[in-house]
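Here is how the chains run, residue by residue.
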Amino acid sequence: MNILELSARKQAGEKLVVLTCYDYSSAAILNRTDVDILLVGDSVAMVVHGEESTLPADIEMMVLHTRMVARGAPDKFIVSDLPFMSYRGDRQTSIDAVAELMRAGSHAVKLEGIAGNKKIIRRIVQSGVPVMAHLGLTPQSVNALGGFKVQGRDEAARKQLLKESLQAEQLGCFALVLECVPSDLAAEISQRLKIPIIGIGAGAAVDGQVLVFHDLLGLAGDFKPKFLRRYLNGGELITNAVNAYASDTRSGAFPSRQEAYD
Ligand code: KIV
């Protein structure tokens, strides 16, 4: 998969499958799956590091996890999140952050919002780095949004989202993530734009879906937003496996003679 194939997919009406990935061993598994894009999301701060929001993710954290994923999934197209504030300062610092992610093995970067980011998006695109935009619920702005809430509900917010989506395309972004927006708005944006719209909580009438690895596999505790479909009860399976190991160890059933050296 490369950037040209990605845009051809939308034209062919084929959906894109995106999943977050944060570490080497998961990446090695996902490298053998039918997923199109691995997203080293700044959600790593919450899912892996146990933080309350994505704000504690910094460029060191993102570079570390990007490297792990790139080593494990050499055949996948990898997109890494530019973390909170890393692209809002001076131009050189923002470009350095992009360079670090690309050197760590990413093929593209993702950033949140269009307002205030137009110049830096243009600069990154002109530097030969594909940019994925992210609109709707933008978790780096959780404090300004008043929480993790559905966006684009009233007429003014819908117009603004549509406008910014069109701007993302005009600025040269190769794809757009729409998070937690009403399905009819996401559908309209998908129809109006040529670039693929990747939805999360944005309904089915978009060009692809993205989910968080741990949510999809049931590894994220009780976290179960409306849009999430769990494909595995991973937490329960792991608990049962570990308890079976504990029980076998205590009873002496593990290790057996076959599992020991003569
Ligand atoms: O960081 C992340 O995981 C994301 C996805 C939810 C789109 O940005």
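Above this note sits the structure.
Attention in this report is confined to the structure presented alongside it. On a predicted model such as this, the values are computed, not experimentally measured, just so you know. (Residues numbered from 1 in each chain as written. Predicted model: local features only at pLDDT ≥ 70, side-chain atom pairs only at ≥ 80, totals over all residues. Heavy atoms only, no water.)

All residues in the neighbourhood of the ligand are listed as Thr 20, Leu 39, Gly 41, Asp 42, Ser 43, Asp 81, Lys 110, His 134, Val 177, Ile 200, Val 210 and Val 212. Within the contact set of the ligand, an oxygen atom lies 2.5 Å away from a side-chain nitrogen or oxygen of Ser 43. Lys 110 has a polar side-chain atom sitting 2.8 Å from an oxygen atom of the ligand. Look at the ligand: alone it shows 260 Å² of surface, and the protein chains cover 95% of it. Split by residue class, the shell around the ligand holds five nonpolar, four polar and three charged. (Near = heavy atom within 4 Å. Polar contact = N/O pair within 3.5 Å; in protein donor to acceptor, adjacent residues only side chain to side chain. Areas by Shrake-Rupley, 256 points an atom, 1.4 Å probe, with all protein chains shown as cover. Nonpolar A, V, L, I, M, F, W, Y, C, P; charged D, E, K, R; others polar.)

Here Thr 54 lies in the loop between α3 (44-47) and α4 (59-72). Residue classification places Thr 54 among the buried positions, given a relative accessible area of 2%. (Helix = DSSP H or I, 4+ residues; strand = E, 2+ residues; numbered from the N terminus. Buried < 20%, exposed > 50% of the residue type's maximum accessible area, 1.4 Å probe, protein only.)

With that out of the way, let us pick up the pattern of salt bridges. What the rule picks out here adds up to six salt bridges. Of the charged contacts, one joins Arg 9 and Asp 36 as a salt bridge, the two residues approaching to 2.8 Å between their closest N and O atoms. Remark: Asp 36 occurs in the loop between α2 (24-30) and β2 (37-40) and Arg 9 occurs in helix α1 (residues 3-11); sequence separation between them is 27 residues. Here Arg 9 and Asp 36 have matching classes, each one buried. Via salt bridges that share partners, Arg 9, Glu 14 and Asp 36 belong to a single interconnected network. (Salt bridge = Lys/Arg side-chain N within 4 Å of Asp/Glu carboxyl O.)

Bringing a nonpolar patch on the surface into the picture now. On the surface, a cluster of nonpolar side chains totalling about 460 Å² of accessible area is made up of Leu 219, Ile 238, Val 242, Tyr 245 and Phe 254. With respect to the helices and strands, the residue Tyr 245 is situated in helix α11 (residues 234-251). (Patch = residues over 30% accessible without salt bridge, like charges linked within 9 Å, V, L, I, M, F, W, Y side chains within 5 Å.)

Sheet architecture is closed into a barrel: eight strands sit in the order β1-β2-β3-β4-β5-β6-β7-β8, paired in parallel fashion. Mean inter-strand twist for the sheet, computed between neighbouring axes without regard to direction, equals 25°. Packed onto the sheet, helix α8 (residues 155-170) meets β5 (131-136) and β6 (175-179) and runs at close to 180° relative to β5. (Pairing = 2+ DSSP bridges. Axes fitted to C-alpha atoms, helices over the stretch in contact; angles between N-to-C directions. Contact = heavy atoms within 4.5 Å.)

Looking now at the layout of surface pockets. One number sums up the size of the second largest pocket: a volume of about 370 Å³. At the level of secondary structure, the elements contributing two or more residues to the lining of the second largest pocket comprise β5 and α8. Ranked by residue count, the leading element in the lining of the second largest pocket is α8, at four residues. Class assignment of the residues belonging to the lining of the second largest pocket gives a composition of nine nonpolar, nine polar and three charged. (1 Å grid on protein atoms, 1.4 Å probe; cavity = no way out; pocket = protein on both sides within 12 Å on 5 of 7 lines; lining within 4 Å. Points joined across faces, edges and corners; volume = space filled by probe spheres on them.)

One can describe the packing of helix α5 (residues 91-103) onto helix α6 (residues 118-126) by two numbers: an axis separation of 11 Å at closest approach and a directional angle of 45°. Between α5 and α6, the interaxial angle falls into the category oblique. Read as a crossing pair, α5 and α6 show a hand that is right-handed. Residues Arg 91, Ser 94, Ile 95 and Val 98 of α5 touch α6, and the partners they reach there are Ile 120, Arg 123 and Ile 124. (Parallel < 35°, antiparallel > 145°, perpendicular 65-115°, else oblique. Left-handed = near helix turned anticlockwise from the far one by under 90°.)

Tallied over the entire structure, the rule returns two aromatic pairs. Between Phe 77 and Phe 174, the aromatic rings sit 5.9 Å apart at their centres with planes inclined by 70°, giving edge-to-face as the arrangement. With Phe 77 in strand β3 (residues 77-81) and Phe 174 in the loop between α8 and β6, this residue pair connects regions lying 97 residues apart in the sequence. Both residues of the pair, Phe 77 and Phe 174, belong to the buried class. Taking 5.9 Å as the distance between ring centres and 75° as the angle between the ring planes, the aromatic pair formed by Tyr 245 and Phe 254 counts as edge-to-face. Judged by relative accessible area, which is 51%, Tyr 245 ranks as exposed. (Phe/Tyr/Trp six-rings, centres within 6.5 Å; stacked < 30°, edge-to-face > 60°.)

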